[in-house]
2 protein chains.
Amino acid sequence: MTSLLAAQDTASPARVLRCRNCGAEFPLIAIHACAECFGPLEVGYDADALASVTREQIEAGPQNIWRYAPLLPVGQDPDDRVSLNPGLTPLVRADRLAAAIGLNAPLWVKDDSANPTHSFKDRVVSLALTAAKGLGYRSVACASTGNLANSVAAHAARVGWQATVFIPADLEPSKILASAVYNPRLVAVDGSYDDVNRLTSELQEDDAFESTAFVNQNVRPYYAEGSKTLGYEVAEQLGWRLPAQVVVPIASGSLLTKIDKAFGELVKAGIVSDADWKVFGAQSAGCSPVYTAFAEGHDVVRPVKPTGIAKSLNIGNPADGPYVLDAVRRTGGSIAAVDDDDIRDGIRLLAETTGIFGETAGGVTVAVLKKLVESGELDPNAETVIFNTGEGLKTADAIEGRVGPTHRIAPSLRGAREAGLLG
Amino acid sequence: MTSLLAAQDTASPARVLRCRNCGAEFPLIAIHACAECFGPLEVGYDADALASVTREQIEAGPQNIWRYAPLLPVGQDPDDRVSLNPGLTPLVRADRLAAAIGLNAPLWVKDDSANPTHSFKDRVVSLALTAAKGLGYRSVACASTGNLANSVAAHAARVGWQATVFIPADLEPSKILASAVYNPRLVAVDGSYDDVNRLTSELQEDDAFESTAFVNQNVRPYYAEGSKTLGYEVAEQLGWRLPAQVVVPIASGSLLTKIDKAFGELVKAGIVSDADWKVFGAQSAGCSPVYTAFAEGHDVVRPVKPTGIAKSLNIGNPADGPYVLDAVRRTGGSIAAVDDDDIRDGIRLLAETTGIFGETAGGVTVAVLKKLVESGELDPNAETVIFNTGEGLKTADAIEGRVGPTHRIAPSLRGAREAGLLG
């Protein structure tokens, strides 16, 4: 298999893949685990290249994630990109939400439902497919809880690649439909996301998938770097500074660790002033292995069998669990978990106070924010950013039957009067 | 009632409301029809002010519709805006769609599903609520086929205004839910959109609604101007030039006429070179009064009772029908209508070739584009822009049961093998 650097633009600051456990280094190829210790791999950069990136360089770029290309492993040359061009999603000042839950400092919602397929997954998929192209692939596959499936199928449709998308058969109907419409090979698997993930790990070793990049497996190191752009954008949209506190939903845990990593990179590059930021994690009570490990003081995350409505967070064996614990403990943050009723309340509270209709993961994050304020773990007097990572229309079933018309009338003044609308 | 100019920033180029039928002029207040002839009113501008706007002025503005504030009636001062800040949605080059339908020139999709509530209505609602604020209102209402309801409820939630939203009771469930989540007064009316519209016309005369702005009625002249931003954006995103052909869906017809108007304004201001552009209209066969008038050579649009799945276009008595006929005939365009199966095929064709999941209105537009190419009415060798005005997730029921998983398997290699996935 081609190495990325051999094939692609040498303007990339990426140099190696490095094992996060044992530090072993590998060329920039498509591999999913360390050959020495089976640990997860991460892109290693030329530290000087990253540290020399400037605000001006970024601000001269396009109005999407690719403005941060000098800090990413792939996509420096626009012609190399396989992308719906996500990013620069709104950072919305949420004064009414802050007031509702007792925050006295600025609160912001980073709203990634504004991406092309309405979740943060467009960021990572753009990185994964751009890397896949550089590595010689023209066919992609993924295991997904829904949002990733939507994004992979849409990206593949834009460029005419074959996509094979594996999903748990019991996903939300809207998320299934929002993949199927792009006409990928859409494989419903009778099992949990963890079962699907295990299956695709096996399939990528099969000859039938030799020419297929698995976006969250053998090109995962490149894929995961896409989440850094959320951290960069928050800093830029705040006027090139870091918030004191962030609250991030946890599925695999990769999103949380990459936002933390992005903040660190910006400080090293001198793009923002150094500052203490605290990272808080949000889980659903139906799938809270990282919360449990945090609460019990463990370093190891014990897998669980997920339940509950926040399906996009239902990863019972989160790959980045230990790294989440590191980031949260190092920065002085915390992790909380909330139940399905809290999640539904969180969706509604976010909508009623900000005009943002988040998916269940957004409901988790808002409910956790509220809980952390109530418990005193989160400082109500410090600036806070929360992440809405997906779109409420995709998880409409979570609130179906709980919200609806407040009045039903005949089409006449009399109808309006009888319903009490004329006072 | 306050006049807008008295209350608000005098940087506005708006000067009067002018009747589109008899030319009578009125101050910039909240009225819904000409006091002389009951004709529709439109914002009249200081022609010199509009003609002196420059590219540089626009490009120095924010990355949303408000960069065009010098060409809009309200919102010159950021503090005056009541807005989710929509706009600058992607203009997507659609080579694979062009190839699929036999176009040999550049084809672009202006994708307004990227707006905050995922339809073009965020543009007009931002204008309407900003005007309403300037006129002293803090309560809003609307009659809606769904997208407008979503947008009004979300805008009101952001700023804490009361919203009363009237919808036909048989709307798509997703569109009802995507209004209800913001907790407005949501009034389901047993009748068609035209019935709902008639009812709200009466209600705005009632004392109970004296302090309420009806976004598509008594502040409609300001509201409608928001659609001009789609025309400005297309020109700017093409590098400050006009496309040869545009295909626009027709509901009330306002969108089509305002895009045409925007192109004319840019030419007058010298921001783009003069060019011949042709405007094409797209209707659903279930509600095609403007198509019928065009085909039969009439100047008058005869109301119809709408049927069919493209509910956001189901306005049987379109307010701007005659002006659509003018614009289409003046520019040498045409109008076509397509049936429900064509619309479903249009949704899928758009998704499979561009990665954009449009709502039924988008399916109408793609199917009409295809039809116009086949009939020879649209030049396959001229650059064309089509408008996807809304989000497929909101009209998922239109394709439910028609797309879905291609395989269903047990979570094992054996399951994958039995399904033929291993070759």
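Here is what the cut-offs are and how they apply
Residues numbered from 1 in each chain as written. Chains lettered and ligands numbered in written order. Predicted model: local features only at pLDDT ≥ 70, side-chain atom pairs only at ≥ 80, totals over all residues. Heavy atoms only, no water. UniProt positions renumbered as here; feature names shortened; annotations may be inferred. Helix = DSSP H or I, 4+ residues; strand = E, 2+ residues; numbered from the N terminus. Buried < 20%, exposed > 50% of the residue type's maximum accessible area, 1.4 Å probe, protein only. Contact = heavy atoms within 4.5 Å. Least-squares fit on C-alpha atoms with pLDDT ≥ 70 in both. Polar contact = N/O pair within 3.5 Å; in protein donor to acceptor, adjacent residues only side chain to side chain. Pairing = 2+ DSSP bridges.

- The name given to chain A in an unreviewed UniProt entry is Threonine synthase, and the organism recorded there is Cryptosporangium arvum DSM 44712.
- On record in UniProt, under Cofactor (unreviewed entry), the comment for chain A is "pyridoxal 5'-phosphate".
- Recorded in UniProt for chain A, the comment headed Sequence similarities (unreviewed entry) runs: "Belongs to the threonine synthase family."

**Focus on the UniProt feature "modified residue: N6-(pyridoxal phosphate)lysine" (unreviewed entry) in chain A**
Residues and elements named next belong to chain A.
Here comes step 1: In this numbering, the UniProt entry assigns the feature "modified residue: N6-(pyridoxal phosphate)lysine" (unreviewed entry) to K121.
Here comes step 2: Secondary-structure assignment places K121 in helix α5 (residues 121-134).
Here comes step 3: Exposure remark for K121: the relative accessible area of 18% places this residue in the buried category.
Here comes step 4: Those residues within four positions of K121 in sequence are excluded, and the remaining contacts are N147, L148, S151 and Y223.

**Comments concerning the relation of the copies chain A and chain B**
Here comes step 1: Mapping chain A onto chain B leaves a residual RMSD of 0.0 Å; the transformation is a rotation of 180° accompanied by 0.0 Å of translation along its axis. Taken together, the rotation angle and the small translation identify this as a two-fold axis.
Here comes step 2: Most of the interface of chain A is mirrored in chain B, where 100% of its interface residues again form contacts.

**Focus: the environment of V290 of chain B**
Residue and element names in this part refer to chain B.
Here comes step 1: Mapped onto the elements, V290 comes out in helix α12 (residues 289-296).
Here comes step 2: Assessed through its relative accessible area of 0%, V290 is described here as buried.
Here comes step 3: Not counting the four nearest positions on each side in its chain, V290 is found in contact with I250, Q283, V301, P318, G321, V324, L325 and I335.

**Quick notes on the environment of N388 of chain A**
All names here are of chain A.
Here comes step 1: With respect to the helices and strands, the residue N388 is situated in strand β13 (residues 384-388).
Here comes step 2: Residue N388 is classed as buried on the basis of its relative accessible area of 2%.
Here comes step 3: Between the C-alpha atoms of N388 and E359, which are 29 residues apart in sequence, the distance is 7.7 Å.
Here comes step 4: At a separation of 3.0 Å, a polar atom in the side chain of N388 contacts the side chain of D111.

**Brief notes about the sheet that holds strand β2 (residues 25-26) of chain B**
Residue and element names in this part refer to chain B.
Here comes step 1: On the basis of which strands lie adjacent, the open sheet formed by three strands has the order β2-β1-β3 and antiparallel pairing. This sheet does not close on itself; its edge strands, each paired only once, are β2 and β3 (41-45).
Here comes step 2: Two elements, strand β1 (residues 14-19) and β3, share five bridges in a ladder whose sense is antiparallel. Along β3, the bridge assignment pairs L17 with V43.

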